[in-house]
Amino acid sequence: ELLRDTLIRSVTATIIEAPTVRQHKLSNTEIAYQGFVLARVQLENGVVGVGEASTLGGPRWAEESVESIWAAITHYLAPALIGQPAMHFEANAVRMGKAATRNFSAKAAIESALFDGVGHSLGLPASALLGGAVRDRIGVIWALASGDPVQELEEAREKLRLRQHKEFKIKLGFNTPETDIKRLEQLRSGLGDDVKLIVDVNQAWSEAQCIRLFPALDELNVALIEQPVQASQREAMARIAARTRIPLLIDEAAFTKEELASVAAIGCGSVYSLKLVKSGGLLELKRAAGVAQSFGIELYGGCLLESSIGAAAHMAVFSTLPKLEWGSEHFGPRILVDDLVEEPLIFEEFEIRLPQGPGLGIALDEDRVRAMSRRK
Ligand code: MUC
Ligand code: MG
């Protein structure tokens, strides 16, 4: 009965363009609005589960774009799932794997929607379907990424004053290293010695630049260095990991858990950034956490500037991980001018809260979704 009620009737995709409160810069892209694809899965019982695929300024951070995600869902992933029981999560992931290789964002959006739909049908939060939450709030980092240290200091001070964020990730690599170091010095002296600062170079530096620049980062008491060299330069990353006193955070160098095992085995870093856009699903995200832990690698709850929908999907998984040493960076809902849900995730006392309620615990704001939908 329940299985029949929760058969998948339709899977649809909508491209959303959501303006951000300011320009957000990375070494390889720059955004003034976020590109999302909203996946909606309708079940036989009428319940509609929602999930979100996030991109960053086109197919630049990763190879997927809103257009490719829309096409993968509409033409390949949806047909593979119609008529299947929504609660057969593993079997549905296998079907998606056969229908399309990689395309992680697209698959993760659909799997998020399946957990949302099934959760609503059973009256259970997605976290309960993922093993059960061991925490209901997680420390949340804010990213400073305008490139203007005066603006960034002001922004950071405001976050501290509001008690929303007390740890900051500074995006580097879109300026010269000298400019980056000067900017970091200004931020460190403006924020004081006690504020935790991490940096994300987004693959911009060579091994030689890392060797030259890391001592300066050490001087400035940087706590973590994220993906300093090209993702494909694994041996170089392992060499600099071995010589630096600052732990390296593996981001673009490992999408799948198999890639993670390869980079972990040669010592590319000691912390891993968990993201749905890399793992391709909630269950795979949990398995990636297991692989990292089996190598003694610490966990960091990564993001790709998701709205409250994608953030809720990540929180459903993160809440179930026995260990999450570095907390999370799901500031995405706060960088959007308007979120896509009726009640955005709650940020208080420097933490982000796991939304309560069935499924992902969020409800679409249909008016805003309509207003921000791209018209082809
Ligand atoms: C990345 O590379 O980590 C996450 C936060 C942010 O500012 O950029 C993203 C992507
Ligand atoms: Mg990164």
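Whatever comes next refers back to the structure up there.
Below: a short report on this structure. (Residues numbered from 1 in each chain as written. Chains lettered and ligands numbered in written order. Predicted model: local features only at pLDDT ≥ 70, side-chain atom pairs only at ≥ 80, totals over all residues. Heavy atoms only, no water.)

### Some thoughts on the overall build of the chain
No. 1: Of the regular secondary structure elements, the chain holds 15 helices and 13 strands.
No. 2: A compact globule built from 376 residues should have a C-alpha radius of gyration of about 21 Å, and the chain, at 20 Å, falls within 12% of that.
No. 3: If you line up the chain on its principal axes, its C-alpha atoms span 65 × 40 × 40 Å.
No. 4: Within the chain, buried positions represent 57% of all 376 residues.
No. 5: Once local pairs closer than 6 in sequence are excluded, the contacts in the chain between residues at least 24 apart make up 74%.
No. 6: Treating the 41 positive side-chain charges of the chain as one cloud and the 49 negative ones as another, the clouds have centres 2 Å apart. (Helix = DSSP H or I, 4+ residues; strand = E, 2+ residues; numbered from the N terminus. Rg over C-alpha atoms; globule rule 2.2 N^0.38 Å. Buried < 20%, exposed > 50% of the residue type's maximum accessible area, 1.4 Å probe, protein only. Contact = heavy atoms within 4.5 Å. Lys, Arg positive; Asp, Glu negative; His and termini not counted. Charge placed at Lys NZ, Arg CZ, Asp CG, Glu CD.)

### Section: the nonpolar core
No. 1: Counting 121 residues, the largest nonpolar core has Ile 73, Ile 110, Leu 217, Ile 225, Ile 250, Tyr 272 and Leu 274 as its most contacted members.
No. 2: Ranked by residues supplied to this core, first place goes to helix H4 (residues 104–122) with nine residues.
No. 3: Formed jointly, this core draws a minimum of three residues from each of two domains, domain 1 (2–123 + 366–372) and domain 2 (129–353).
No. 4: Beyond its immediate sequence surroundings of up to four residues, Leu 274 is in contact with Leu 285, Ala 288, Ala 289, Leu 299, Tyr 300, Gly 301, Gly 302, His 314, Phe 318, Leu 321 and Leu 324. (Core = buried A, V, L, I, M, F, W, Y, C linked by side-chain atoms within 4.5 Å. Domains from an automatic or database assignment.)

### Description of the coordination of the magnesium ion (ligand 2)
No. 1: Looking at the magnesium ion (ligand 2), one finds its protein donor set to be Asp 200 (OD), Glu 226 (OE) and Asp 251 (OD), positioned 2.0 to 2.2 Å from the metal centre.
No. 2: Written as a sequence motif, the donor residues of the magnesium ion (ligand 2) are D-x25-E-x24-D. With Glu 226 in strand E8 (residues 222–226) and Asp 251 in the loop between strand E9 (248–250) and helix H10 (257–265), this pair connects stretches of sequence that are 25 residues apart.
No. 3: Assessed through its relative accessible area of 0%, Glu 226 is described here as buried.
No. 4: Residue class for Asp 251 comes out buried when judged on its relative accessible area of 0%. (Donors = N, O, S within 2.8 Å, 3.2 Å for Na, K, Ca; no water.)

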